[in-house]
Amino acid sequence: MHKFEFVDLSELFGIVSNYENPDAPEFSTDIIGVVEDFENVKLIKTMFGERNIVKFRITDGRYSHKVSVWGKLAITTDELHSKMKETPIIAIVTSCKMKISRSSVQISTLPSSKIFLNLDDECVAAMRIMLEDEGYKVPENVEPTQLPIFEPQVIQTITLKELSEKTNTEELKVLKIELYIEKKRFKIVVLAEDATEAFNFILKDRAAKRAIGFTATKLIANKKKDGENTAYPAEITAIVGKELTFTIQINDDNILLNSKIFTVIDAMI
């Protein structure tokens with residue numbers, strides 16, 4: 001049984017930007033995504049002598065990053081890739097190193113890194129479900145591009161009652177956060193309340209993982225494995241009664257239509 005601690009591809013830029021010492025990061029990272037633009041193994045000259053390298057891009061359909069695989073792992077990855085029949089090929093890269101070059105994240109393997117392609121694991125199955133539902137197709141003869149990353153900023157912390165009392169449009173616009181989202185993700189909707197008000201909140205994948213421990217995509221995959229089990233997932237019922245702090249996105253519906261359904265972009269227990 002494999003155990004991974006995945007970081008969403010959308011979060012890599014922010015993580016690397018906060019490294020105190022980019023050349024010696026404190027933690028290695030596990031990532032998962034679709035392999036695109038795979039380049040077969042080749043021998044190149046480096047400052048450490050001649051080394052084998054394999055290059056490809058890893059994407060989740062929204063964000064795409066370059067990956068360089070070095071040494072013996074490059075040879076085994078090339079051999080493994082040539083045997084893959086199921087597409088898209090989903091890669092898991094463990095214990096990788098990251099840096100920012102030319103305003104984009106560059107991912108490299110370390111001696112401790114491992115690469116799995118189309119691993120028979122529930123996390124790969126969950127990603128396939130997500131990709132199929134979104135109609136993902138591997139682009140042909142198109143160079144993938146790094147999508148723009150917008151890091152949301154917390155402008156003000158308020159209670160739900162204070163939020164409900166903000167009827168002045170101009171005042172509410174001060175709280176508005178613009179967040180780039182290219183494609184939909186599965187969402188979890190919860191009714192949350194404090195001592196003042198109760199509203200509906202939509203938890204997207206990152207917020208769901210922070211609050212529940214799993215993304216909505218993963219919960220759906222687990223439910224499909226359970227077959228006829230119609231009970232709510234235990235991971236969801238476990239948060240009932242807990243105190244959570246949400247970072248929310250204020251959209252036009254909240255401002256113009258006085259909608260009380262808010263999108264959560266981050267969560268803390």
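Residues numbered from 1 in each chain as written. Predicted model: local features only at pLDDT ≥ 70, side-chain atom pairs only at ≥ 80, totals over all residues. Heavy atoms only, no water.

**Some words on unusual backbone geometry**
- Cis geometry marks the peptide bond from Thr-87 to Pro-88, where omega comes out at -5°.
- Its identity as a non-glycine residue notwithstanding, Ser-95 has a phi of 50°, on the positive side.
- Mapping Ser-95 onto the fold places it in strand E4 (residues 90–101).
- Even without being a glycine, Asn-118 presents a positive backbone phi close to 50°.
- Relative to the elements of secondary structure, Asn-118 occurs in the loop between strand E6 (114–117) and helix H3 (122–133).
- Among the residues examined, Asn-118 registers a relative accessible area of 17% and is labelled buried. (Helix = DSSP H or I, 4+ residues; strand = E, 2+ residues; numbered from the N terminus. Buried < 20%, exposed > 50% of the residue type's maximum accessible area, 1.4 Å probe, protein only.)

**Some details on the nonpolar core**
- Leu-12, Ile-31, Phe-56, Ile-58, Val-69 and Ile-107 are the most contacted members of the largest nonpolar core, which totals 25 residues.
- Mapped onto this core, the elements with two or more residues apiece are helix H1 (12–17), strand E1 (29–46), strand E2 (49–59), strand E3 (64–70), helix H2 (72–82), E4, strand E5 (104–108) and E6.
- Those residues within four positions of Val-69 in sequence are excluded, and the remaining contacts are Asn-52, Ile-53, Val-54, Phe-56, Ala-74, Thr-77, Thr-109 and Ile-115.
- Ranked by size, the runner-up nonpolar core spans 17 residues in total, among them Phe-199, Ala-208, Ile-212 and Val-264. (Core = buried A, V, L, I, M, F, W, Y, C linked by side-chain atoms within 4.5 Å. Contact = heavy atoms within 4.5 Å.)

**A look at the pattern of salt bridges**
- On inspection of all chains with the given rule, the structure shows three salt bridges.
- Arg-62 is the salt-bridge partner of Asp-8, the closest N and O atoms lying 3.4 Å from each other. On the criterion of sequence distance, the pair formed by Asp-8 in the segment before H1 and Arg-62 in the loop between E2 and E3 is long-range, its members being 54 residues apart.
- A relative accessible area of 28% places Asp-8 in the partly exposed class.
- Overall, Arg-62 belongs to the buried group, its relative accessible area being 16%.
- Across the pair Asp-60 and Arg-62 runs a salt bridge whose closest N-O atoms are separated by 3.1 Å. Taken as a pair, Asp-60 and Arg-62 share a single burial class, namely buried.
- In this structure, a network of salt bridges that share partners links the residues Asp-8, Asp-60 and Arg-62. (Salt bridge = Lys/Arg side-chain N within 4 Å of Asp/Glu carboxyl O.)

**Notes on the pairing of E3**
- Of all seven residues making up E3, five are buried, and the element is well covered by its neighbours.
- Counted along the chain from E2 to the antiparallel partner E3, the turn is four residues long, and its residue Gly-61 has a positive phi close to 95°.
- Bridging between E3 and E5 involves three bridges; their strand directions are parallel. Residue Lys-66 lies in a different strand from E5, and its bridge partner there is Gln-106. (Pairing = 2+ DSSP bridges.)

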